[in-house]
Amino acid sequence: MWRYTFTFLSLACATGVAYLVPILPESITLPLPHRLVLQYAEPTWLENIAVRSNGDLLVTGFQPDAPLFIISDPASLAPKSKLLHPFGAVKSLTGITEVSDDLFVVVGGNFSGITPMPESFSAWSIDFRHHQEPTIEFITSLPKVIFPNGLTSPEGSQDVVLIADSTLGAIWNLNIQTGEYDIAVNVPELAAPSGASNGFGVNGVKTHGDFLYWTNSAEAAIYRIKIMPDGYPVEGAEAEMVARADAPFLDDFTIDTKGTIWATTNTDNRLLAIGPSGQTVTVAGAATEMTVAGDTAVAFGRGMKDKHILYVSTSGAINNPVNGTLVEGGKVVAIDTKCY
Ligand SMILES: *[C@@H]1O[C@H](CO)[C@@H](O)[C@H](O)[C@H]1NC(C)=O
Ligand SMILES: *[C@@H]1O[C@H](CO)[C@@H](O)[C@H](O)[C@H]1NC(C)=O
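Residues numbered from 1 in each chain as written. Chains lettered and ligands numbered in written order. Predicted model: local features only at pLDDT ≥ 70, side-chain atom pairs only at ≥ 80, totals over all residues. Heavy atoms only, no water.

Looking at an unreviewed UniProt entry, one finds the protein chain named SMP-30/Gluconolactonase/LRE-like region domain-containing protein and attributed to Thyridium curvatum.

Structure representation (structure tokens):
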């Protein structure tokens, strides 16, 4: 019985391709189908991506300036991008997350190349709750944070943002009502190991159920720790490794409803799917391909038609040119995960 069920699903998945081939239940056709949503001028390093409940994408820029773009109708044949806010006081944006329904927080500051400038970082709220056009407000400067990178928010909280600090190897807890922030998680698994080829420890952070997950870039590993709704670890909780990828780097990631982790590798231009038992599959891109060149972050669609579409932001490989020389403008790519 299950066999027929799978066959049916496979055929449903295969519609739209030019010919049908029998697909075994265990087999998945790779790479997954992909489509360009939008590409920006070169050089544009897109850094992170969040999705509104109406399906619009919010995309942050890391170089050469600090734009916040909004992309409407990303699943359509004619997606539209608009510069929502230029954030002229800083040169780079990094993470973005939704804290409560239609209230987002973004962090930015200044870098020299990819080296963070001390005491240059701040957090802002992007509030869509009252008007079509969002209200953008300064929350606080973050002078103690060395390299704010990925952001997330605990599922049970309306006002807490967790901020990955890639250089310090810690996760900060920011209360957006009071502007107060302190270190929430400080375990060795957040730091780049000594002697690592790059100094990036924790990079992406995501809450999922009772756990806070993160990538450790230099280790290409994913860890998690049990947290409380206020974002601090449960007393006595320890970090546990979820997976270690065969990659030189892991950037940001997301976790789907089945528990599959979708992670970007950035420096070698691949998108990975990591199963619950840690097995890692390259589902799009390759070290020598431009498909998701310099992929930085991922987020699933939230519109009517795109809940199975994974949106990938890219840097255009400007920091690590493909084959040593090839770069392009940063882009958003849609990956169809329906058949995975
Ligand atoms: C960041 O860079 C901008 C643009 O160069 C500059 O105006 C601003 O003062 C810098 N901010 C900080 C906090 O260093
Ligand atoms: C990079 O080089 C490899 C090996 O020569 C080649 O197969 C590949 O097509 C190149 N990539 C691009 C994007 O041109």
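**Q** Can you break down the site of ligand 1 residue by residue, with the values?
**A** The immediate surroundings of ligand 1 are formed by Ala 89, Lys 91, Asn 110 and Ser 120. At a separation of 2.3 Å, an oxygen atom of ligand 1 approaches a polar side-chain atom of Asn 110. Bound to the protein, ligand 1 loses 43% of the 360 Å² it would expose on its own. Within the shell around ligand 1, the residues separate by chemical class into 1 nonpolar, 2 polar and 1 charged. (Near = heavy atom within 4 Å. Polar contact = N/O pair within 3.5 Å; in protein donor to acceptor, adjacent residues only side chain to side chain. Areas by Shrake-Rupley, 256 points an atom, 1.4 Å probe, with all protein chains shown as cover. Nonpolar A, V, L, I, M, F, W, Y, C, P; charged D, E, K, R; others polar.)

**Q** Can you tell me about the UniProt feature "domain: SMP-30/Gluconolactonase/LRE-like region" (unreviewed entry) in the protein chain, naming the residues and giving the values?
**A** Within the UniProt annotation, "domain: SMP-30/Gluconolactonase/LRE-like region" (unreviewed entry) is assigned to residues 187-315. Helix makes up 0% of residues 187-315 and strand 42%. Its end C-alpha atoms lie 29 Å apart. (UniProt positions renumbered as here; feature names shortened; annotations may be inferred. Helix = DSSP H or I, 4+ residues; strand = E, 2+ residues; numbered from the N terminus.)

**Q** Before we move on, could you go through the nonpolar core and cite the residues and values that matter?
**A** Formed by 22 residues in total, the largest nonpolar core has its most connected members in Val 105, Ala 123, Leu 142, Val 161, Ile 163, Leu 174 and Ile 176. Listed by contribution, the elements that provide at least two residues to this core are strand 7 (103-109), strand 13 (160-165) and strand 14 (170-175). Take this core: its biggest share by element is 3 residues, from strand 7. For Leu 142, the residues in contact, after removing those within four places along its chain, are Val 107, Phe 121, Ser 122, Ala 123, Ile 163, Leu 174 and Tyr 181. (Core = buried A, V, L, I, M, F, W, Y, C linked by side-chain atoms within 4.5 Å. Buried < 20%, exposed > 50% of the residue type's maximum accessible area, 1.4 Å probe, protein only. Contact = heavy atoms within 4.5 Å.)

**Q** Please set out the pairing of strand 15 (residues 181-185) residue by residue, giving values where relevant.
**A** Direction of pairing for strand 14 relative to strand 15: antiparallel, over a ladder of 4 bridges. If you follow Asn 173 over to strand 15, its bridge partner there is Asp 182. Count of turn residues in the strand 14/strand 15 antiparallel hairpin: 5 residues, of which Gly 179 carries a positive phi of about 80 degrees. (Pairing = 2+ DSSP bridges.)

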